[in-house]
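# Descriptive analysis of the structure
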Amino acid sequence: MKYYLIAGEASGDLHASHLMQSLKAQDGEAEFRFFGGDLMAAVGGTMVKHYRELAYMGFVPVLLHLRTILRNMEMCKQDIAQWKPDVVILVDYPGFNLKIAKYVHSQRLIAIRNATLCSAENSQKPKVYYYISPKIWAWKEYRIKNIKRDVDELFSILPFEVEFFEQKHHYPIHYVGNPTAHEVREFLFANSQKPKAIRNATLCSAENSQKPTIALLAGSRKQEIKDNLPAMIEATRHLTEKYDLVLAGAPSIEREYYGQFLTGSSVRLVSDETFPLLAKATAALVTSGTATLETCMFRVPQVVCYKTPLPQLIGFLKRHVLSVKYVSLVNLIADREVVKELVAETFSVDNIRRELKAILPGGGKRQQMLDDYDEVHQRLGESHAPDEAARTMIRLLSGNKQ
């Protein structure tokens, strides 16, 4: 079968690449064409556009690059129409992907209206599958109408989404397990017999090799890094004698960008080594996102730090308007506060410093957080998400609904 995938950022590239590997293993005739990244390209197929040319975050960057975004979207639509895949698989990135879903659905309606008996089957193609469902439970819940109309099958990686979509909105979905949880388990298993592999020369300089490590995960986009990293550095400055402070560089961000923040500090930057870093970290400061779940799976106590514009207003909206109580996946999965979230008006250097002290060895919150992580691990389950998703996709595309 022919699979067209669209991933708009680094995490989507990672998850899509694993899904492609699973599809390839289960479908010997799989062909791939995609908007994505280097990891997807390594699996095989044809890359139409790299996600670096798609990933714009925030109102002003989107406005400034609106022409490029619209041009990429039009290119994507035309490419899908020309290649005629069996299925378009959308991976997260809802602002772009839901518009593509709408386009594919509209073209199917046109084809159905124009179909003869001999072409009726082809008029049902391509199907639209969404892998890693849009987080409409947090924001823009009205998008459920678009999803119901334009998406044929939705594949979730978060267990609490089943209740949201199926019970609240009466839209059946597939929970396939969590790929992040599986990726961490695989990493830990692969390195269980060779612990020195996660203490390599890049990660541990001779000067700092005997110190315990505090990991800084400041986000995967430049705006997030600009907002959060300076406060993280300042909040840990007093710990430089006792701890090795290591920043996990995002794969989509050039090393030079970090220099403006790291100059004059003792924080070291490592790139493409987030898992090795977390495997040896004593504690972590983490910007909200998938990184909070990765940190939990490595059983590293953490403080979630997320600076926002207009913090007082955002804090009010978070308490009274937003439909979720938490911003971190760890707390959302547990449905209670497992990790401390310093967001909006609670985000400050003093608060980060205080909460970090509480989860370092000897701190009053450290052991409770580690105990609570067990519940999160249990709720995620043991399924291998890419394999389960690929198996279900192929079954559905083959016409087997059972």
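Residues numbered from 1 in each chain as written. Predicted model: local features only at pLDDT ≥ 70, side-chain atom pairs only at ≥ 80, totals over all residues. Heavy atoms only, no water.

### Considering the overall build of the protein
- A tally of helices and strands in the protein yields 17 helices and 13 strands.
- The burial tally for the protein puts 51% of its 402 residues in the buried class.
- For the protein, the proportion of contacts with a sequence separation of at least 24, taken over those separated by at least 6, is 66%.
- Accessible surface, the protein as shown: approximately 19,000 Å² in total, 53% of it carbon and sulfur. (Helix = DSSP H or I, 4+ residues; strand = E, 2+ residues; numbered from the N terminus. Buried < 20%, exposed > 50% of the residue type's maximum accessible area, 1.4 Å probe, protein only. Contact = heavy atoms within 4.5 Å. Areas by Shrake-Rupley, 256 points an atom, 1.4 Å probe, with all protein chains shown as cover.)

### Some details on helix 5 (residues 94–114)
- Given a rise of 1.5 Å per residue, 21 residues ought to cover 30 Å, and the 30 Å separating the end C-alpha atoms of helix 5 matches this to within 8%.
- Taken as a whole, helix 5 has its buried residues at Phe96, Asn97, Leu98, Ile100, Ala101, Tyr103, Val104, His105 and Arg108. (Expected span 1.5 Å × (residues − 1).)

### Some remarks on the environment of Val300
- Mapped onto the elements, Val300 comes out in the loop between helix 12 (290–297) and strand 12 (302–306).
- Residue Val300 is classed as buried on the basis of its relative accessible area of 1%.
- Separated by 69 residues in the primary sequence, Val300 and Met369 have C-alpha atoms spaced 8.9 Å apart.
- In this structure, Val300 is in contact with Leu278, Ala281, Thr282, Ala283, Ala284, Thr295 and Tyr373, ignoring residues within four places of it in sequence.

### Notes on unusual backbone geometry
- Of note in this structure, Asp92 is not a glycine but carries a positive phi near 55°.
- With respect to the helices and strands, Asp92 occurs in the loop between strand 4 (87–91) and helix 5.
- Non-glycine residue Tyr93 carries a positive phi angle of around 50°.
- With respect to the helices and strands, the residue Tyr93 is situated in the loop between strand 4 and helix 5.

### Some details on the sheet that holds strand 13 (residues 340–343)
- Spatial strand order, 10-9-8-11-12-13: six strands in an open sheet with parallel pairing. At either margin of the open sheet sits one strand with a lone partner, and together these are strand 10 (268–271) and strand 13. Direction aside, neighbouring strands of the sheet carry axes that sit 25° apart on average.
- When strand 9 (residues 244–249) meets strand 10, the two strands line up parallel, connected through four bridges. (Pairing = 2+ DSSP bridges. Axes fitted to C-alpha atoms, helices over the stretch in contact; angles between N-to-C directions.)

### A look at the environment of Arg268
- Its place among the elements puts Arg268 in strand 10.
- On the basis of relative accessible area, Arg268 is assigned to the buried category, the value being 18%.
- Through-space distance from the C-alpha of Arg268 to that of Asp244 is 8.2 Å; in sequence the pair is 24 residues apart.

### A few points about the sheet that holds strand 3 (residues 46–50)
- Read from one edge to the other, the open sheet built from seven strands follows the order 3-2-1-4-5-6-7, with strand pairing classed as parallel. Across the chains shown, the open sheet's two edge strands, defined by having one partner strand only, are strand 3 and strand 7 (174–175).
- When strand 6 (residues 153–156) meets strand 7, the two strands line up parallel, connected through two bridges. Each residue of the ladder has a partner; that of Phe155, found in strand 7, is His174.
- Running over the sheet, helix 5 touches strand 1 (2–7), strand 2 (31–36), strand 4 and strand 5 (127–131) and is turned about 160° from strand 5.

### Some remarks on the side chain of Thr240
- Along the chain, Thr240 falls in the loop between helix 9 (222–236) and strand 9.
- The exposure class of Thr240 is buried, given its relative accessible area of 18%.
- Within the structure, Thr240 has its side chain in polar contact with the backbone oxygen of Arg237 (distance 3.3 Å). (Polar contact = N/O pair within 3.5 Å; in protein donor to acceptor, adjacent residues only side chain to side chain.)

### Here's the deal with the pairing of strand 3
- Inspection of the sheet shows strand 2 paired to strand 3 by four bridges, in the parallel sense. Bridge pairing in strand 3 links Phe35 to Lys49.
- Following the backbone out of strand 2, through helix 2 (residues 38–43) and into the adjacent parallel strand 3, one traces a crossover that is right-handed. (Right-handed = clockwise from strand over helix to strand, strands pointing away.)

### Notes on the packing of aromatic side chains
- Enumeration over the complete set of coordinates arrives at 13 aromatic pairs.
- Ring geometry for Phe35 versus Phe96: centroids 6.2 Å apart, planes at 35°, classification tilted. Pair noted here: Phe35 is in strand 2 and Phe96 is in helix 5, with a separation of 61 residues, a long-range link.
- Among the aromatic residues, those joined into a cluster by ring pairs are Phe35, Tyr93 and Phe96. (Phe/Tyr/Trp six-rings, centres within 6.5 Å; stacked < 30°, edge-to-face > 60°.)

### A look at the packing of helix 9 against helix 15 (residues 349–359)
- Where helix 9 contacts helix 15, the two axes come as close as 9 Å, and the packing angle between them is 55°. Classified by the angle their axes make, helix 9 and helix 15 are oblique. Crossing geometry of helix 9 relative to helix 15 is assigned as right-handed. Each of Ala231, Glu234, Ala235 and Thr236 in helix 9 lies in contact with helix 15, whose residues at this interface are Val349, Ile352, Arg353 and Leu356.
- Taken together, the residues that form the contact of helix 9 with helix 15 break down as five nonpolar, one polar and two charged. (Parallel < 35°, antiparallel > 145°, perpendicular 65-115°, else oblique. Left-handed = near helix turned anticlockwise from the far one by under 90°. Nonpolar A, V, L, I, M, F, W, Y, C, P; charged D, E, K, R; others polar.)

### With respect to the pairing of strand 1
- Among the six residues of strand 1, five are classified as buried, and the element is accordingly described as predominantly covered.
- Where strand 1 and strand 2 come together, five bridges link them in parallel fashion. Across the sheet, the residue bridging to Ile6 is Phe35, located in strand 2.
- The β-α-β motif built from strand 1, the intervening helix 1 (residues 10–26) and the parallel element strand 2 has right-handed crossover chirality.
- Note: strand 1 against strand 4, five bridges, orientation parallel.

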